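Analysis of the macromolecular model
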Amino acid sequence: NGDRLPFPIFNTFTSSPALSPDGKRIAFSMRTPKGDTDLYISNLDGSSLRNVTNNPAIDTSPSWSPSGSQVAFVSSRGGGAGQIYIIDADGANVRRIVKEGGDADSPAWSPDGQWLAFHWKPRMRTYYDLFLAEISTGRIMQLTTDSGSNESPSWAPDGRHLVFQSNRTGTDHIY
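Our subject in this report is the structure included herewith. (Residues numbered from 1 in each chain as written. Predicted model: local features only at pLDDT ≥ 70, side-chain atom pairs only at ≥ 80, totals over all residues. Heavy atoms only, no water.)

1. Brief notes about the sheet that holds strand 7 (residues 83–88)
On the basis of which strands lie adjacent, the open sheet formed by four strands has the order 5-6-7-8 and antiparallel pairing. The open sheet has two edge strands, strand 5 (59–64) and strand 8 (95–96), and neither has a second partner. The pairing of strand 7 with strand 8 spans two bridges and is classified as antiparallel. The partner of Ile86 across the bridge, within strand 8, is Arg95. (Pairing = 2+ DSSP bridges. Helix = DSSP H or I, 4+ residues; strand = E, 2+ residues; numbered from the N terminus.)

Here it is as structure tokens:
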């Protein structure tokens, strides 16, 4: 309705806010006193703040599952470039989605919660392409193969299409 909600200002770097599907919680990245960045979840007013990743790596880019029970995120905890992980909203059951290395980012849950879209540049590749991970099996399928990078997927509400950006023509466009 356009009303502003008060939210605490933390005396540190915060980024990547994501509202839970029920609109009652927010997940975001925040730099810890140790200098790393972890994922935090709180109520919309900042109360009940808790660190759900608590890992010395950089954890960022949270994306809520449609049920609100899990959060996909990007982490450097495997060493090097970012990888896609899923964690329960209470901080339990962390699992890595892409196990082959490379650099992955921008996790986006399908509306039915069965798939996770993301962009990934596997090792020894020049460009990012779009991939899907089946949540129940961990099976990964490549969606794009093109010159240029294909990045930042977002699902249509009916789950039938993805929109993304690509520089395959030499300039960035939406596909």
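2. Some words on the sheet that holds strand 3 (residues 37–43)
An order of 1-2-3-4 is seen for the four strands of this open sheet, with the pairing classed as antiparallel. On the outer flanks of this sheet lie strand 1 (14–19) and strand 4 (50–51), each paired with one strand and no other. Both strand 1 and strand 2 (residues 25–31) contribute to a ladder of four bridges, which runs antiparallel. From the neighbouring strand, Leu19 faces strand 2, where its bridge partner is Ile26.

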